[in-house]
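# Commentary on secondary and tertiary structure
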Amino acid sequence: MNFFRGVMGGQTAGPQPSGAETIQKLCDRVASSTLLEDRRDAVRALKSLSKKYRMEVGTQAMDHLINILQTDRSDSEILGYALDTLYNVISNDEEEEQDENAQKQADDLGTQFTEKFIQDPEHITLLLTLLEEFDFHVRWPGVKLLTALLKNQGVQVQGIILVSPMGVSRLMDLLADSREVIRNDGLLLLQQLTKGNAAIQKIVAFENAFERLLDIITEEGSSDGGIVVEDCLLLLLNLLKNNSSNQNFFKEGSYIQRMKPWFEVGDDNSGWSAQKVTNLHLMLQLVRVMVSPVNSPGATASCQKCMYQCGLLQQLCTILMATGVPADILTETINTVSEVIRGSQVNQDYFASVNAPSNPPRPAIVVLLMSMVNERQPFVLRCAVLYCFQCFLYKNQKGQGEIVATLLPSTIDANSISAGQLLCGGLFSADSLSNWCAAVALAHTLQDNLTQKEQLLRVQLATSLGKPPVSLLQQCTNILSQGSKVQTRVGLLMLLCTWISNCPIAVTHFLHNQDNVPFLTAQISENLGEDERLVQGLCALLLGICIYYNDNSLENYTKEKLKQLIEKRIGKENFVEKLGFITKHELYSRAALKPQPVFPSPEQMLFDHEFTRLVKELEGLITKAVHKSSEEEKKEEEVKKTLEQHDNIVTQYKELIREQDAQIQELKEKVASMSAHTEQLQATVSQQQSQIQQHKDQYNILKLKLGKENQSQSNNQGDSQVNGLQTEELSQLREELEELRRQQTLLQTQLSEKDALIDSLKSAAQGAEGPAGGSDNTELLQELEALKNQVQSHLAEIGHLKAERQELLRRAEAGVKPSDTAPPGDSQSDAAKVDLESRLAAQTAEMERLKESRSDLEQQLASATSSVAILQTEKSKLQTEVQESKKEQDDLLMLLADQDQKIHSLKQRLKDLGETVEDEDDIDARDQTSDEDDEDED
């Protein structure tokens, strides 16, 4: 311990060791000490020296510290010291301000030590294992160390963690830690872990990260929360940006709906804290990530629909129209609303219906355009409003028509300010940025909309008192020829190119002004400076559009004459070169990247994204059109006419085929209906035929009956009948009697079998052990006895009826002979006949009742049979259980016998060895003697 007092304590006499020597001694002590306390003190000393002597500690002690992490896992204090020391060595975070060279050296040093630490991937795995320790002094420095490693060598450490079993899951557990320090540093760790690695982002998302982060944001107060909310939002941005899988998971998990409460702002929006502004800015960026134009169109449309349905868009529009909102939040909100409505007709219609809370109420679009053309507004805000207007008109022909309609003479309202009036005012104002923004906005009202291009030709402008109005197209060319600022001319040229492209009527109107073509050729042919090259290129593009979309309706400006003019005044090669100036401009490439107009300064605001697409589409076509000769054009026109004729013929045949298909379909439907009607008629005919056949059969039967009755009347009604009983009826009765006899015999046989079975069950039940099932057997036997008695009674009744029937048959046969000689009107015979008929009817009814009774008896016998089967099953189970219990008892007896035999043999061996062993009888006798002695004492 004196050694550590020398290192950690006060001054001692003699020369003091240098820092490197002290660190070397401490490292030797860590490596060689056997006592844990000595190693702990040495590591504590290294920790205290690690910031001042970072190079020496990292070079000499890193291996020893890693060995401590591997071997001294049981002591949390030494683990914490070792992790803190490694963090001080590897981390580049310096509290003190340093110059650039010193900071660069520190960064290089941290990178070198990080590379040394991760040379063995097991070190990262060891660190992940230590993070499972709940002890604060181990977990917290472990989190900080891993964060520093990710900052220095993020890609390599990400790869190691990705292949480590449950590596990401262990880190996700940090978010559930109840200690806020560890949870907050865990957020910073996950931020570094998820940077630029889509695989890790997916794993983190599917570890329920969205749910946990949104819960933390809610617990911390949403936008009013502190730095923790900011960290959660940054992590969410890492997980969602450019990751379509996570975006879809976020949407399908209904997490978009949970974002709506973030944007609930009150009436009093003054005095926002800097942290709240930062949080709300990140929340708006999170919304934009979900609906970014770079995402797939299907995913974007789905998120836009969800945001409208859950009320998120409405909440954003509320912020848009609120007062007192900070300028940067208002700008970002406008950009967010822009992308939420871009290309979504439902969202665009809703945005068009939003009104600002003014008196009188004005549409939100008008209020935003007022800010765009106001030069006193911030530049970024004006760019955001322009982007919002562009997104409102993107693939929205209805909105384009509404904006153009505000410029037409029939719809202008002198008492209110419209969007069209604001755009025209901005187009002709003295501010070049307003000119450019208004020109681009008007170009978007005409984008891919031929109808509105033609409608805009009707717009007339009043220039000054006493002068006739001029068209908007003419006014644009007039301002262009006046030589205004480059930004204004570029905006007007983009508007004119968009306007007349793919619109021959607009081309004709443009060429109708005799000054336009000479102005364009003069601009293109001049040799101007760098700033004017872009204007020359746009003029060449405008002239090329006039050639390509020319319908030759003006004799002086046909395609051929314009090309000749270019060849004489400019030269074809020079024209194509000037046309190429557009795509070679550095700002062209920047504008072509994304739809949002983002410019560092107003002077660089020259190109629009949609216009770059138009240039890319037309540049090659115009170049070919200029180089083509008149003969080639004639051939092309002939080919076009032939193709058009061919297309017309194909169209006619297609229409004919469609008509024939419709006729065939109609005929098929008719055939199907007729077939169904035919089948219905055939069914009716067959039914009628069967009815006719039935009527014929009934007629034949009646005819036969009538013939028999006539015959019986002619034979004095006595030859084929005996006392009202026909021979057929007697034979039928005999057959029924025989059937009853057979059934009686069968029932008796079955009854005898059941009796035998019952007797056997009785004997089996009496011999079975245990009372289980006895009461049930008795009840079943009683029920069987009752059934047997019922069967006996029914058999007796059947025998009685049988004798009675025999008597009836005997009497009927005996009455045949006397009836042959008896007179036909004998009253006694009639009485006997009536009596016999009534008795026969009674007997028939009794037979029916007996049949029903027989069926009931059969059912009861069947149920008895099933009951007997159940009893037999239970009996077999009982017998099996009895056998098993007997077997178990035998086994127990065998075990007891073996145990007794072993005890006896052991006692015998003890006796042989000279030990005193008492038998159980001796012990019992001694206990009894002691009890008697106790009683005597009492």
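This one's a predicted model, so the numbers in the text were calculated from it and none came from an experiment.

Across its full length, the protein carries 42 helices and 6 strands. Restricting to contacts in the protein with at least 6 residues of sequence separation, those with at least 24 account for 72%. Surface exposure of the protein reaches about 52100 Å², of which carbon and sulfur atoms provide 50%.

Our next topic: the pattern of salt bridges. Evaluation of the coordinates by the stated rule reveals 21 salt bridges. Between Lys-398 and Asp-349 there is a salt bridge, and its shortest N-O distance comes to 3.9 Å. Of this pair, Lys-398 sits in helix H23 (residues 397-405) while Asp-349 sits in helix H20 (residues 345-353), and the two are 49 residues apart along the sequence. Here Arg-613 ties to Glu-610 by a salt bridge, and the two come within 2.7 Å at their closest N and O atoms. In this pair, Arg-613 and Glu-610 are both assigned in helix H36 (residues 609-627), 3 residues apart and thus about one turn of the helix distant. Take Glu-610: its relative accessible area is 8%, and that puts it in the buried class. Three or more residues are tied together by salt bridges with common partners; here these are Arg-40, Asp-41, Arg-44, Asp-75 and Glu-77.

Attention now moves to the nonpolar core. Of all hydrophobic cores here, the largest spans 206 residues; its most connected members are Leu-146, Leu-171, Phe-263, Phe-351, Trp-499 and Leu-541. At 12 residues, helix H22 (residues 379-393) tops the list of elements feeding residues into this core. Beyond its immediate stretch of four places on either side in the chain, Leu-541 contacts Cys-497, Leu-579, Ile-582, Phe-611, Val-615, Leu-618 and Ile-622.

On the surface, Ile-649, Tyr-653, Leu-656 and Ile-657 cluster together into a nonpolar patch covering about 390 Å² of accessible area. Along the chain, Tyr-653 turns up in helix H37 (residues 630-714).

What follows is about the packing of helix H30 (residues 516-525) against helix H31 (residues 530-548). At a closest axis distance of 9 Å, the pairing of H30 and H31 adopts a crossing angle of 140°. Comparing the axis directions of H30 and H31 gives the class oblique. The hand of the H30/H31 crossing is left-handed. From H30, Leu-520, Thr-521, Gln-523 and Ile-524 reach across to H31, where they touch Val-535, Gln-536, Cys-539, Ala-540, Leu-542 and Leu-543. Of the residues belonging to the contact of H30 with H31, the class tally is 7 nonpolar, 3 polar and no charged.

Looking now at unusual backbone geometry. Most peptide bonds adopt trans geometry, and most residues besides glycine take a negative phi value. You will see that Lys-395, though not glycine, has its phi angle at about 55°, which is positive. Checked against the element boundaries, Lys-395 lands in the loop between H22 and H23. With a phi angle near 60°, Asn-552 is a residue other than glycine that sits in the positive phi range. Here Asn-552 lies in the loop between H31 and helix H32 (559-569). Relative accessible area serves as the criterion here: at 36%, Asn-552 is assigned to the partly exposed category.

All right, on to the side chain of Glu-532 then. Along the chain, Glu-532 turns up in helix H31. A residue is classified by how much of its surface remains accessible, and Glu-532, at 18% relative accessible area, is buried. When near neighbours in sequence (up to four residues on either side) are disregarded, Glu-532 contacts Val-486 and Arg-489.

We now examine the packing of aromatic side chains. Think of a pair of aromatic rings as described by two things: how far the centres are apart, and how the planes are tilted against each other in angle. In this structure the tally under the stated criterion is 11 aromatic pairs. Measuring from ring centre to ring centre gives 5.9 Å for Tyr-308 and Tyr-350, while their planes differ by 65°; the resulting arrangement is edge-to-face. Here the residue Tyr-308 occupies a position in helix H17 (residues 297-309), and Tyr-350 occupies one in helix H20, the gap between them amounting to 42 residues. Note on Tyr-308: relative accessible area 28%, which makes it partly exposed. Clustering of aromatic rings is evident, with ring pairs tying together Phe-206, Phe-210, Phe-249, Phe-250 and Tyr-255. The cationic tip of Lys-144 hangs over the ring face of Trp-140; the distance from NZ or CZ to the ring centre is 4.0 Å. A cation sits over an aromatic face here: Arg-179 above Phe-134, 3.9 Å from the ring centre.

On to the packing of H31 against H32, then. Remark: H31 packs on H32, axes separated minimally by 9 Å, with the N-to-C direction vectors making an angle of 150°. As the angle between them shows, H31 and H32 are arranged roughly antiparallel. Every residue of H32 that contacts H31 at Leu-543, Cys-546, Ile-547 and Tyr-548 is listed here: Lys-559, Leu-562, Lys-563 and Ile-566. Partitioning the contact of H31 with H32 into residue classes produces 6 nonpolar, no polar and 2 charged.

Moving on, we come to a negative patch on the surface. A contiguous patch of negative charge on the surface is contributed by Glu-881, Glu-884, Glu-888, Asp-890 and Asp-891. Considering the arrangement of structural elements, one finds Asp-891 in helix H41 (residues 827-912). When its relative accessible area of 40% is taken as the criterion, Asp-891 is described as partly exposed.

Quick look at H30 now. Buried within H30 we find Asn-516, Val-517, Leu-520, Thr-521, Gln-523 and Ile-524. Seen end-on, H30 carries its buried residues on one side only, within an arc spanning 160°.

A word on the confidence of the model for the protein. Overall, the predicted model of the protein reaches an average pLDDT of 82, with 81% of residues at or above 70. Counting interchain partners and residues more than four positions distant, the pLDDT-below-50 stretch residues 1-14 has 17 contacts. Every residue in residues 768-774 scores below 50 in pLDDT, and together they form 3 contacts with partners more than four places removed in sequence or on other chains.

Here Ala-364 lies in helix H21 (residues 364-372). The spacing of Ala-364 and Met-321 is 43 residues in sequence and 7.6 Å in space, taken between C-alpha atoms. Ignoring any residue separated from it by four or fewer positions in sequence, one finds Ala-364 in contact with Met-321, Val-354, Asn-355 and Ala-356.

The topology assignment puts Glu-230 in helix H14 (residues 227-240). The charged side chain of Glu-230 is buried without a salt bridge, its nearest counter-charge being Lys-195 at 12 Å. Within the structure, Glu-230 has its side chain in polar contact with the side chain of Gln-275 (distance 3.1 Å). In contact with Glu-230, other than residues within four places in its own chain, are Gln-275, Thr-278, Asn-279 and Leu-282.

Turning next to the state of the cysteines. Scanning the entire structure with this criterion turns up 0 disulfides. Unpaired in terms of disulfides, Cys-437 finds its nearest cysteine sulfur in Cys-383, a separation of 6.3 Å.

Cut-offs used in this document
- Residues numbered from 1 in each chain as written.
- Predicted model: local features only at pLDDT ≥ 70, side-chain atom pairs only at ≥ 80, totals over all residues.
- Heavy atoms only, no water.
- Helix = DSSP H or I, 4+ residues; strand = E, 2+ residues; numbered from the N terminus.
- Contact = heavy atoms within 4.5 Å.
- Areas by Shrake-Rupley, 256 points an atom, 1.4 Å probe, with all protein chains shown as cover.
- Salt bridge = Lys/Arg side-chain N within 4 Å of Asp/Glu carboxyl O.
- Buried < 20%, exposed > 50% of the residue type's maximum accessible area, 1.4 Å probe, protein only.
- Core = buried A, V, L, I, M, F, W, Y, C linked by side-chain atoms within 4.5 Å.
- Patch = residues over 30% accessible without salt bridge, like charges linked within 9 Å, V, L, I, M, F, W, Y side chains within 5 Å.
- Axes fitted to C-alpha atoms, helices over the stretch in contact; angles between N-to-C directions.
- Parallel < 35°, antiparallel > 145°, perpendicular 65-115°, else oblique.
- Left-handed = near helix turned anticlockwise from the far one by under 90°.
- Nonpolar A, V, L, I, M, F, W, Y, C, P; charged D, E, K, R; others polar.
- Phe/Tyr/Trp six-rings, centres within 6.5 Å; stacked < 30°, edge-to-face > 60°.
- Lys NZ or Arg CZ within 6 Å of the ring centre and 35° of its normal.
- Lys, Arg positive; Asp, Glu negative; His and termini not counted.
- Charge placed at Lys NZ, Arg CZ, Asp CG, Glu CD.
- Arc of directions from axis to C-beta.
- pLDDT = per-residue confidence, 0-100.
- Polar contact = N/O pair within 3.5 Å; in protein donor to acceptor, adjacent residues only side chain to side chain.
- Disulfide = S-S within 2.5 Å.

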